[in-house]
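The chain contents come next:
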Amino acid sequence: MVREVKENELNELLGLYLFLHETSVPEMTENLKNTWNIIMEDKNHHIIVKEIDGKIVSSCVCVIIPNLTRNIRPYAFIENVVTRSDYRGKGYATECLNYAKDIAVRENCYKMMLLTGSKEEDTLNFYCNAGYNSSDKTAFIQWLE
């Protein structure tokens with residue numbers, strides 16, 4: 001089943017992020033709790049999960065960003081696309097991305113964007129097969145400390 005994350009699933013989601021780039025589950029601080037509450041209350045912030053047998057195995061984040069151009073149409077930004085390593089190659093991340101696309105279409109977005117730090121051909125092909133391209137825009141990132 002693909003759906004949006006539930007408020008009581010923070011710990012499971014943080015565990016899934018160990019398959020992304022995190023090296024440990026963060027301590028349950030007030031900052032973490034406050035951030036989670038902000039995300040849960042934000043109608044434009046969607047954490048999409050794939051659940052199998054009661055276990056979250058894949059996820060992505062879709063944020064709808066209001067916009068003053070393109071006939072005042074918003075756009076969607078996709079982040080934190082991840083699948084547990086033992087569940088990869090089964091289409092679960094694609095299901096999450098398709099769910100995100102449904103949200104973006106429902107919200108009248110004119111485009112969806114995502115960035116990946118991966119240079120692996122399999123990962124890049126995955127995004128191409130999911131309908132994204134790397135030729136329309138050039139991304140620049142400035143990391144902040």
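Residues numbered from 1 in each chain as written. Predicted model: local features only at pLDDT ≥ 70, side-chain atom pairs only at ≥ 80, totals over all residues. Heavy atoms only, no water.

Asks: I would appreciate a short explanation of the overall build of the chain in the present structure.
Replies: A tally of regular secondary structure across the chain gives 4 helices and 5 strands. Along the chain, helices (α) and strands (β) appear in the sequence β-α-α-β-β-β-α-β-α when read from the amino end. Against the compact-globule benchmark of 15 Å for 145 residues, the chain has a radius of gyration of 16 Å, which places it among compact chains. When burial is assessed residue by residue, the chain has 32% of its 145 residues classed as buried. The chain carries 16 positive and 21 negative side-chain charges, and their two centres are separated by 6 Å. (Helix = DSSP H or I, 4+ residues; strand = E, 2+ residues; numbered from the N terminus. Rg over C-alpha atoms; globule rule 2.2 N^0.38 Å. Buried < 20%, exposed > 50% of the residue type's maximum accessible area, 1.4 Å probe, protein only. Lys, Arg positive; Asp, Glu negative; His and termini not counted. Charge placed at Lys NZ, Arg CZ, Asp CG, Glu CD.)

Asks: Could you clarify how one ought to interpret the packing of aromatic side chains in this entry?
Replies: Each aromatic ring pair is summarised here by two numbers: the centre-to-centre distance and the angle between the ring planes. Evaluated as defined, the whole model comprises 3 aromatic pairs. Taken together, a centroid distance of 6.4 Å and an interplanar angle of 45 degrees make the contact between Tyr 87 and Tyr 92 tilted. An identical accessibility class is assigned to Tyr 87 and Tyr 92; each is buried. Taking NZ or CZ as reference, Lys 111 lies 5.5 Å from the ring centre of Tyr 75, over its face. (Phe/Tyr/Trp six-rings, centres within 6.5 Å; stacked < 30°, edge-to-face > 60°. Lys NZ or Arg CZ within 6 Å of the ring centre and 35° of its normal.)

Asks: Looking at this structure, I do not really get the sheet that holds strand S2 (residues 45–52). What am I missing?
Replies: Strands sit in the order S1-S2-S3-S4-S5 across an open sheet of 5 strands; the sheet is mixed. Two strands in the sheet have a free side with no partner beyond their single neighbour: strand S1 (2–4) and strand S5 (112–114). Going from strand to strand, the sheet's axes swing by 30 degrees on average, the running direction of each strand aside. (Pairing = 2+ DSSP bridges. Axes fitted to C-alpha atoms, helices over the stretch in contact; angles between N-to-C directions.)

Asks: Honestly, the pairing of strand S4 (residues 75–83) in this entry has me stumped. Any pointers?
Replies: Relative to S4, strand S3 (residues 55–65) runs antiparallel, the two sharing 7 bridges. Looking at the pairing, Ile 65 lines up with Tyr 75 of S4. Sheet topology note: the S4/S5 ladder contains 3 bridges and is parallel. Bridging across to S5, Ala 76 finds its partner in Met 112.

Asks: So what exactly am I meant to see when it comes to the pairing of S2 here?
Replies: Across a regular strand the side chains alternate sides, sitting on one face of the sheet and then on the other. Counting buried residues in S2 gives 6 out of 8 residues, a clear majority hidden from the surface. Of the pairings in the sheet, the one linking S1 to S2 comprises 3 bridges and is antiparallel in character. Bridging across to S2, Arg 3 finds its partner in Val 49. Note that S2 and S3 share 8 bridges and pair antiparallel. Note that in S3 the partner of His 46 across the bridge is Cys 62. The hairpin turn running from S2 into S3, its antiparallel successor, is 2 residues long, and Asp 53 in that turn takes a positive phi close to 50 degrees.

Asks: Got a minute to help me understand helix H3 (residues 92–106) in this structure?
Replies: What sets the pattern is the α-helix's 3.6 residues per turn: residues three or four places apart point alike. For H3, built from 15 residues, the straight-helix expectation of 21 Å at 1.5 Å per residue is met to within 8% by its first-to-last C-alpha distance of 21 Å. By the burial criterion, the buried members of H3 are Tyr 92, Ala 93, Cys 96, Leu 97, Ala 100, Ile 103 and Ala 104. The buried residues of H3 all sit within an arc of 145 degrees when viewed along its axis, so they share a single face. Facing away from the buried side of H3, by more than 90 degrees, are the exposed residues Asp 102, Val 105 and Arg 106. Of the surrounding secondary structure, the elements contacted by the buried residues of H3 are S1, S2, S3, S4, S5 and helix H4 (121–129). Positive backbone phi, approximately 65 degrees, marks Asn 108, located one or two places after H3. (Expected span 1.5 Å × (residues − 1). Arc of directions from axis to C-beta. Contact = heavy atoms within 4.5 Å.)

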